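What follows is the residue order along each chain.
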Amino acid sequence: MTSPLPTVKTAAKTTANTDVTSPAKPSGERPVSRVRRHLPTSPWLFAAPGLLVVAVFILYPFVSTVVNSFTDRRTLIPGEFVGLANFRELLHDDMFWTGLRNSVLYMVGVVPALVLLPLLLALLVQKNIPGITFFRSAFYTPVVASIVVVGLIWVWMLDERGLVNSLLEAVGIGKVGFLSDQWLLLLSAMAVTVWKGLGYYMIIYLAALANVPRELHEAASVDGAGAVRRFFTVTVPAVRSTMVLVAALSSVAAFKVFSEVYLMAGPNGGPAGEDTTLVMLVQRTGTGLTGRVGYASAISVVVFVVTVALMLLVLRADRKEDA
């Protein structure tokens, strides 16, 4: 029979060794926690990847564009410093004024529609009725669709042998030159921009409408206000800051329009280039083996200055209304 005494002795030795090597701590003293000291550069190490991306893809191209705008650089030629020569040339370039006119008209035609129509659409899909999820998804589908695919679809629809002209001819109206007339082409491109942006701004308005207290509408209803009056006295003031945001975003996007007009008017900017926008002019002037990079950079600087001015005007108008 095996005796348990060795096990007891081993346990006793272990206890004795523990008592010797680990001196007893005072009962009232807490164990001291070791705190590591981080270097002052530690936060910058985490931000370094993002800052590197911003520096390479945003800051460097911006600074390079500004520098090139004061040179006569071409695609394969470094160029020399010419001062304000490129900007003086812009003042006498008819194509530049044509692009500026079209960009401004595009903004004037698109922004009011993208401020008001998505709000009305958000009011319609805000209600919880059967099947409303399908309509919300359907209205948002153009947002996620590729602009190239959307542009080609609209070109096929508005072509002389397209669906729209076939329907107009069937009812006896006759064909309409949506893609051959200067102004109809610009209006068609505006319609594509509005159609594609409705769902995006609708989502922004839905988030704003969710924060409008229901008690305000109930109080207005008790006072005898109808749906139209509640819209102007309750809904619009409650989402006014969101409307300012939508106006700022849509105005900048409309002024820098490229894809819609390029796809529908072609690389030449429609008949005699009369539908060319500023961004299309930048692309046409600064690309190719003989592209005038310096002159295109000067146009880009003008586009940047105008967009910043638009943002400041919208913010200033918002502050005046708050005052």
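Let me begin by describing the structure that accompanies this report.

## Observations concerning the overall build of the protein
When its secondary structure is counted, the protein shows 14 helices and 0 strands. The helix and strand sequence of the protein, counted from the amino end, reads α-α-α-α-α-α-α-α-α-α-α-α-α-α. Counting all 323 residues of the protein, 33% fall into the buried class. Long-range pairs, those at least 24 residues apart, make up 68% of the contacts in the protein with a sequence separation of at least 6. For the protein, the exposed area adds up to about 21,000 Å²; of that, 67% sits on carbon and sulfur atoms.

## Looking at helix H2 (residues 42–68)
Helix length check: H2, at 27 residues, gives a terminal C-alpha distance of 36 Å against a target of 39 Å (1.5 Å per residue), a fit within 8%. Along its length, H2 shows its largest kink, about 50°, at alanine 48, and proline proline 49 lies within four residues downstream of that point.

## Considerations on the pattern of salt bridges
It is possible for side chains of opposite charge to pair when their charged atoms get near one another. All told, the structure shown has 2 salt bridges when counted by the stated rule. The salt bridge involving glutamate 89 is made with arginine 292; its shortest N-O contact spans 2.9 Å. Of this pair, glutamate 89 sits in helix H3 (residues 85–91) while arginine 292 sits in the loop between helix H13 (278–286) and helix H14 (293–322), and the two are 203 residues apart along the sequence. Residue class for glutamate 89 comes out partly exposed when judged on its relative accessible area of 33%. Among the ionic pairs, arginine 101 bridges to glutamate 274, the shortest N-O distance being 3.4 Å. Taken together, the residues span a long stretch of sequence, with arginine 101 in helix H4 (residues 94–125) and glutamate 274 in the loop between helix H12 (259–265) and H13 at a distance of 173 residues. Judged by its relative accessible area of 27%, glutamate 274 falls in the partly exposed class.

## A short note on the packing of helix H6 (residues 147–158) against helix H7 (residues 163–170)
Relative orientation of the contacting elements H6 and H7 amounts to 25°, with a least axis distance of 4 Å. In this view, H6 runs roughly parallel relative to H7, as classed from their interaxial angle. Each of Trp156, Met157 and Leu158 in H6 lies in contact with H7, whose residues at this interface are Leu163, Val164 and Asn165. Grouping the amino acids of the contact of H6 with H7 by side-chain chemistry returns 5 nonpolar, 1 polar and no charged.

## With respect to the packing of H4 against helix H5 (residues 132–144)
Close contact between H4 and H5 brings their axes to 10 Å; oriented N to C, the two are set at 160°. As the angle between them shows, H4 and H5 are arranged roughly antiparallel. Helix-helix and strand crossings are classified by hand; for H4 and H5 the assignment is left-handed. Across the interface between the two elements, Leu121, Leu124 and Val125 of H4 pack against Ile132, Arg136 and Phe139 of H5.

## With respect to the side chain of threonine 285
With respect to the helices and strands, threonine 285 occurs in helix H13. Given the relative accessible area of 15%, threonine 285 is considered buried. A polar side-chain atom of threonine 285 sits 2.7 Å from the main-chain carbonyl oxygen of leucine 281. Apart from the residues lying within four places of it in its own chain, the contact partners of threonine 285 are Gly291, Arg292, Tyr295 and Ala296.

## Overview of the environment of glycine 99
By secondary structure assignment, the location of glycine 99 is in helix H4. Since its relative accessible area comes to 0%, glycine 99 is described here as buried. Sequence separation of glycine 99 and methionine 280 is 181 residues, and the distance between their C-alpha atoms is 8.0 Å. Setting aside chain neighbours within four positions, we find glycine 99 in contact with Thr276, Thr277 and Leu278.

## Describing unusual backbone geometry
Despite not being glycine, alanine 272 has its phi angle at roughly 60°, a positive value. One can find alanine 272 in the loop between H12 and H13.

Rules and cut-offs
Residues numbered from 1 in each chain as written. Predicted model: local features only at pLDDT ≥ 70, side-chain atom pairs only at ≥ 80, totals over all residues. Heavy atoms only, no water. Helix = DSSP H or I, 4+ residues; strand = E, 2+ residues; numbered from the N terminus. Buried < 20%, exposed > 50% of the residue type's maximum accessible area, 1.4 Å probe, protein only. Contact = heavy atoms within 4.5 Å. Areas by Shrake-Rupley, 256 points an atom, 1.4 Å probe, with all protein chains shown as cover. Expected span 1.5 Å × (residues − 1). Bend = angle between axes of the 7 residues up to and from the residue. Salt bridge = Lys/Arg side-chain N within 4 Å of Asp/Glu carboxyl O. Axes fitted to C-alpha atoms, helices over the stretch in contact; angles between N-to-C directions. Parallel < 35°, antiparallel > 145°, perpendicular 65-115°, else oblique. Nonpolar A, V, L, I, M, F, W, Y, C, P; charged D, E, K, R; others polar. Left-handed = near helix turned anticlockwise from the far one by under 90°. Polar contact = N/O pair within 3.5 Å; in protein donor to acceptor, adjacent residues only side chain to side chain.

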